[in-house]
Structure formats: structure tokens, C-alpha cells
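# Inside the fold
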Amino acid sequence: MAAAGPQNSLRGALCRQLLTLVVFSFACEACKKVIFHIPSQLEADKVLGRVNLKECLGSADHIQSSDPDFRVLEDGSVYTAHAVVLSDEKRYFTIWLSDSEKQTQKEIPVLLEHQKVFKVLRKRHTKETVLRRSKRRWAPIPCSMQENSLGPFPLFLQQVQSDAAQNYTVFYSISGRGVDQEPLNLFFIERDTGNLYCTRPVDREEYDVFDLIAHASTADGYTADLPLPLPIRVEDENDNYPVFTEAIYNFEVPESSRIGTTVGVIYATDRDEPDTMHTRLMYSILEQTPGKPGIFSVHPSTGVITTVSYYLDREVVDKYSLIMKVQDMNGQFFGLMNTATCIITVKDSNDNLPSFRQNAYEASVEENTFDVEILRMPVEDMDLINTANWRANFTILKGNENGHFKISTDKETNEGVLCVVKPLNYEENRQMILEIEVGNEAPFTGDVTLRMANMNRAVVTVDVKDQDEGPECRPAVQYVQIKENSPVGSKINGYEAYDPETRSSSGLRYKLLHDPKGWITINEISGSFKTSKILDREAVTPISALYNVTVLAIDKDGRSCTGTIAVKIEDKNDNPPEILQNYLVICKPKMEYVDISAVDPDEPIHGPPFHFSLAKTSPDINRLWTLAKVNDTAARLSYRKDAKFQEYDISITVKDGEGQSATKTLRVNLCDCTHPDQCRVTAGAILGKWAILAILLGIALLFSILLTVVCGLVSARNEKSFPEDLAQQNLIISNTEAPGDDKVCSANGFTTDTVNNSSQGFCGTMGSEVKNGRQETIEMVKGGNQTLELCQGAGHHRTLDSCRGGTVEMDHSEWYNFTQPRLGEKLHLCNQDEDHMPSQDYVLTYNYEGRGSPAGSVGCCSEEQEEDGLDFLNNLETKFTALAETCTKK
């Protein structure tokens, strides 16, 4: 290499300017010599530099070093295989590249030069004229330095020169981060030579590049060249261990999972330079506990953990612990590594069926009992307790077609509980055989062949014990049939019960429990029926329903059962059709007709179609009215245009299909109206017989009361003479009655009242007396919702109008002294009949109710008034004349 001549020396000088003491450099051309400047001593696994393999042979699939002291990685990084000492100043080796598919081979020569030689050459070549003649020297020169360099410091990086140095004396300076910015004083430049130095090691993870600015100026401050950007890149060193994102990973995987099931993903980070071998991580499993067999694997690049075996059984191992390793340098043995723990919990799956402890069971139960437990069936299940995979479900496959049994699960013990829910009959089934299957709440996920071979079915034999029981009424409802209107005494098949022990009806007695209409009698021994009345199908509610009779059957020990005889009464055409309407209104001329309809309570076979016709009535009716068929059950009644507005009595005959007929007279109101309701108001409602009777009784009661009062007054006048001036005092009709009056009990048992409320009542003039030159009159008049009070006049007369609306206060003692002798005398006479005998049904005694009613008085009783105060009675209507004349007779 020394004899290569000046051309090779120049090329080596230029290349050496781009290298640091510990940083590698590339050859100027691909597949040409690569020169690394290294110290004389190197540690094992020390990076020398990187070779661009892709530019030489990008498809190379085999890389090999000719020197065993050095190894080459896929990205072109060159490392020492072990500690190396350079005895000579230079050392050569070759990197062989080959492509097996293309059968291509290339090689890259590598030169290792000692650090001292580099310094000598650099000083010598700086004085050569060749360098002084170079063009465009003042430009950014790529430069890098190794992270965590060992020195010696200050460490030479490169020389900066300006073209102006050929004509002037130039002084160099730098600025930027690492010089006058943090970290301060990391770099400096020699003022005269432009040599750039680093003063201490640099951590790439803290500073990956330094953008310096180089300045060239003359002694008088003249700027010889523009500032030169000078980037210094820090080459990464594998000084950071990869770190897992978690110290302990926890994953779950179902048992019986298929091979390739994803369990989880682990992940690690590395602070070294991305996209280099320093951060190319590889994952692996260092250890699995329990160790065998190997259940899991991890993808070396993605960290995805998957299953690789079928032997994942929670009932055998429910938890695995994995020690996971991550290593940079793509897993090379010299790469940095770290570990983490991965805990994998095996989740339970329903891969184990529950099984009975035995294949056959026996139980017994007494007949006619129900809601009783007869058997418990324990099962075993290896799945996780108290989960859906463990809880049992029992099913009766055979033998329970009639629903006598039910099986459920005891939530605490997981046992099957077999119960009788419907009574069994010993005489029908003395033994029941059930086939029962057990499963789980969750679907089975295990092997189907295991399911078929498992003991998940059992046979249960249930023995039914006999009981001495009473008669049985089966079926509960028995049906018989009889024709309607059958004569009394007709026989019908009765209800038949039997003794379940003997299957016979002998020895049983029968009684009727319920016969709705009393149509049936029963034979106590045989249970047969006879009719006691004529059966009417239409009397059964609802019509066409069965007539149900309840029967009681009793054995010799008094035990009994009940049954029902459903009697179907065959219909007979014994009912004519009936017209539904009674009163019809036709608005002439708006309505030209009205429809009438009929019903027949008999069955349809005896009913429609109906035939409607006008009965034999007056010729005017037949001339003015016509009937036309609408359908099978309705007809249309129409009038002629010359019919007058009035009410008509029209008789219509309706006949069913078998000739049964009935005639009904309809009252039809042919009215001049727009709506039928207008004529119904004027026509009035048609009263029923009970309403008419009530009206007549009310009229009779009113006349009896009026006659009693008149007779009493006549008898009183015959017994005692009254002054002539009282002849004008007549009865005044009053509709005022009310509770709450002030009453005073007299010696004869009669009660005097101070009337305070306005109501309706009956009263008349009881009597009058002249005292101290004043006429005092007691009278009660019709209130008519007016408040009438006591009126007292002194030497003058107050009329009825003067009494209305006002209130006259009077002391109770004065009122009592005034009314007691007068009312007592008058009512004593009224309390006697014509023979002067006491009449207890006329005047009744009431109790004193107090005084001072806030509602006012309903009567107007004057203590004194003149005889001309009742002149208004002369203007009453004529219907009061007869009554007034009777009252004024002496």
C-alpha cells in the first residue's frame, strides 16, 4: 500500500479528513477498500464501523469475514469477536458477499489503521500543495463522532479551511450548541489551523447532533467567508438495555384452546438509535413453570404469545409462569438483554360433563300425594365450582309424559331433586321408570366422544304405594241428553262414580249438591236422574248452554267426591219469533220507512227466515201502510204519501220457518219533524205498569191527607163557636217544612215550634182569638224559597208581603205563653175523630230541638193582626174555592 504512489496517498488523505479517531469511514466507492482508524487495543464486541453492503451487493444472503477476529452483521456493522491488539500499524481483512440464487459473489477489502499513523499523515498532507490548490474548500463537511468515546481528549474531529486562507491570514472560530450554548465548552477550534476538537464523551440519547457554525475572519475583523454550517453527528453505541413496558404481565386463556390461540402481547423499548441493530429486538421464552410440556411460544419480533399445544387443561394446571427475555442486536449473543415475568391464568371451560355416581336409583311414593321430594341424585363435575360450567341441569328424558314428576337443582349441593308434582294412582301405575340426563348451564366444549361415553344418564325406578282411598268421580264431567219439554218423570242417565280399589260403583250413595232450577231428582242408590219439572231450553242462561247439575258420591266410610252432569237439552220449536220494537217514530217526509226486526230464542234450525205481514186490522191501516222484506230477520214498514200526521196502532204478524207465529201491535208516530227525538219529547214516554201504580198511590195518599185535615177542621168548628170576624181566615197552602225549629213541649205532649228554615210543607189556619182589643192570628203560609218570620202587629194589620224577607226577634217565654194555650186547644180538637175519640195516627209528638236557627223561619205567625189582613185570599185561583168554602163553614 505504501508503493501505491502519490494518487493513492492523496485519496487516503482526503478520506482521513472525514473520520474521527474512533469513528469508522466508508471507502470513496462501493465495493472498494474501506478504511477504519482504530486504537491499538480493542475490547471484545466493540463496533469498528459500518460498511454499506447494499451498494456493493443488495441481494446478498450470506456475509462472512475472512478474519475470525471480526464479524459482520446484516446491516454492515463490523464488531470485534474478542479483544484485539494491533501489533502493526495496519491490518487487512476482506468481507465476502454472496447471492446463492444469482450465483454472485463480491468482496469488500477492509483496512485497519493505527491512530498514530493517522496523525502523522494528517500533518504531512496539510503542507502539500495539492491541498492548497483544491476548489470550494469552504463548504459543510460531514462529520461524526462516536458516542461515549474513550478519547484521548481533546479528541480531533476534523479541520476547517477557507479558500480565503490562500490570500489572507485567516482566523477560525465556532458557535452553537456545545460551544456557547449548553452543553458549554464541549467543542473548540484552533484559531490558526481550523482543527476542531471534542473535550469529553457525549451521550447520543441526550444529544444526537450538534449544529455548529464555523466563522473565518482576518486580523482586522474582516469576514473572509460566509458562516459555514458544521453539523456534528453522534454515532450511536449500544449502551442501553431494552426495557419491558411492564415488570409482570397477566394474561388469561381458555382451557382447551386451539393451537395458535393468542394469549397476549409483550412489548419492550430501547433508547438507542431507531432502525439500527442496537434497537432491533428479539423476544424469547427463557423458562416456563410448570416446565413440561411446552405450551406457549412467542413471536421473536412482535412479542405475541400463542399456544402451541392441546394440553391446556385447567383441571391439571390452572396457572403458568413464563420468564420472557428481550435482546437487542436482533438476538445476537453479544446483544444487551432484559427479562420480565408473564403470568398466564387458564380460564375454565365446560370441557368436563357432570356424571352420576351410579347408573340406577330407586324411590317410592304413596299414591294421591304431590309436592313431595322423593329422591336426591348427587353428581360430580371437575369444572370450576359455582360457575355455569359446574352448575348442573337435569332433564327427564322418558317416563314423565303425564307430568307427574319434576326435577330441579339444589343450588348449594348441585344435586338433582326429584319431586312428585301431580298425584299418582296406584290402580293405574304401580311403578314408574324415569330416564334422567344431567348437563351444565354452559354449553359443552369438550370432546364429543367423551360426552357419549360419560355417565351423564341414570334410570330411576319409582314404586307407587297403595292407599285405601274414597270414591273417584272420573271423568269430572259426564254428559247426558234430553229433549226439551219432556214430560215430568222422564229418566236420564245419572252420574256414575266408582271405588278405585274394586273398580265398582256398588255401595256408593248419591246426592244432589246443586240443581240451579230444581228440574232434576236423583236416585240415591243408582245415581240415575228423573225430571221433576218440564225442562225449558230457553230458560238456561246463556241460551244453548249446558244445564249443569253437581252430584256428590259417598262411600260407606263417608268419603266422597263430586262430579258434574252436563245436561244438553235438545231444542224444540216452542217459541214464536218476537218483534223487538214497541214504539216507532217516522219523520215525514224525510223518512220514507222504518225497519223492524225480530228474534227467535229457539235454535237457528227453528228460527229464520221470518215472514212479516200486516195482521187483519182496519182497512185504513192496510191502505196506508205496507211491509217489505229486508232480510231473514227484518222487514221494512213504509207509509203512503197521503198518510196523515198522527199515531197509528199497527198489528204485525211474524212467523218462523216452521210456522210458529206471533202478532204484536206497534205504535207508530208519523210526525212532522227532522229527527225522531223531536217527536218522542212531545209524545212523552210510555209508562210501565209499576210507574202507573206508583202515580195512583201518590194521588190516593194526597187525597187522604187532604180529607183528614178537612174533616178535623169541620169537627173542631162543630164543637166550639168562633167569632164572626174569623170567617175570612182560610187555609193558606204552604210548601214549607224544615228541621231545626225551636220547639217547646206543652203539658198535653204537643210541641210548639219556631220555624227557621225555608222548605215545603203543609199548614193551615188553626184558630184565632181577640185579646185586649187586638186580633192575634197564627197562620203558616207558603214560603216559596222566601224566609217567613213571626209578624206581630199593634193596632194594625201586616200582610203576607210584609212578613217576607224580614226577621222579628221575640223572647222564647213570650212565644211560649202566646202559643201554648191556643195551639194546645186547636190540636186537641184535631186529635179527635168525629166521635170525639183520640186519633193517634193524625197528630204526632216531636221533641224540642232548640232555638235560634241561623237559616231563618219558614212560617209567619202573627201575634196580632187585623181582620182585613187576608184580603189577598180572595184573588186565589178557582181550584181553592171549594176548600175555602169548606173551611169557613161553621
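Described in the following lines is the structure provided in the data block.

## Considerations on the nonpolar core
In this structure, Phe 187, Leu 196, Phe 210, Leu 212 and Ile 232 are the most contacted members of the largest nonpolar core, which totals 26 residues. Of all the secondary-structure elements, those providing two or more residues to this core are β10 (143-146), β11 (155-159), β12 (171-175), β13 (187-189), β14 (195-198), β15 (209-217) and β16 (228-235). Here Phe 210 is in contact with Arg 177, Gly 178, Pro 183, Leu 186, Phe 187, Val 202, Leu 230, Pro 231, Ile 232 and Val 234, once residues within four sequence places are set aside. In this structure, Ala 363, Leu 375, Met 377 and Ala 458 belong to the second largest nonpolar core, which totals 25 residues.

## Observations concerning the sheet that holds β14
With antiparallel pairing, the 3 strands of this open sheet are ordered in space as β11-β14-β13. Edge positions in the sheet fall to β11 and β13, since each has one partner strand and no second. Taken pair by pair, the neighbouring strands of this sheet meet at an average axis angle of 25°, ignoring direction. As defined by bridge partners, β11 adjoins β14 across 4 bridges and the pair is classed as antiparallel. When the sheet's bridge partners are listed, Leu 155 is paired in β14 with Cys 198.

## Re the pattern of salt bridges
Counted under the stated rule, the structure contains 28 salt bridges. Residue Lys 398 pairs with Glu 435 through a salt bridge whose shortest N-O separation is 3.8 Å. In this pair, Lys 398 is assigned in strand β30 (residues 392-398) and Glu 435 in strand β33 (residues 431-440), connecting sequence segments 37 residues apart. Within this structure, Glu 373, Arg 376, Asp 410 and Glu 415 form a network of salt bridges that share partners.

## Thoughts on the pairing of strand β49 (residues 661-671)
By the bridge criterion, 5 bridges tie strand β43 (residues 583-587) to β49 in an arrangement that is parallel. Residue pairing across strands places Cys 587 opposite Cys 671, the latter belonging to β49. Bridging between strand β48 (residues 646-655) and β49 involves 10 bridges; their strand directions are antiparallel. Residue pairing across strands places Tyr 648 opposite Val 668, the latter belonging to β49. The antiparallel hairpin formed by β48 and β49 contains 5 residues in its connecting segment, where Gly 659 sits at a positive phi of about 100°.

## Notes on the environment of Thr 289
Structurally, Thr 289 can be placed in strand β21 (residues 282-289). Note on Thr 289: relative accessible area 40%, which makes it partly exposed. Between the alpha carbons of Thr 289 and Ile 323 there is a distance of 8.7 Å; along the sequence they are 34 residues apart. When sequence neighbours within four positions are dropped, the list of residues in contact with Thr 289 reads Lys 319, Tyr 320 and Ser 321.

## Considerations on unusual backbone geometry
That bond from Gly 151 to Pro 152 is cis: its omega, 5°, falls within 30 degrees of zero. Relative to the elements of secondary structure, Pro 152 occurs in the loop between β10 and β11. Phe 153 connects to Pro 154 through a cis peptide bond whose omega is 0°. Turning to its location among the elements, Pro 154 is positioned in the loop between β10 and β11.

Definitions and limits used
- Residues numbered from 1 in each chain as written.
- Predicted model: local features only at pLDDT ≥ 70, side-chain atom pairs only at ≥ 80, totals over all residues.
- Heavy atoms only, no water.
- Core = buried A, V, L, I, M, F, W, Y, C linked by side-chain atoms within 4.5 Å.
- Buried < 20%, exposed > 50% of the residue type's maximum accessible area, 1.4 Å probe, protein only.
- Helix = DSSP H or I, 4+ residues; strand = E, 2+ residues; numbered from the N terminus.
- Contact = heavy atoms within 4.5 Å.
- Pairing = 2+ DSSP bridges.
- Axes fitted to C-alpha atoms, helices over the stretch in contact; angles between N-to-C directions.
- Salt bridge = Lys/Arg side-chain N within 4 Å of Asp/Glu carboxyl O.

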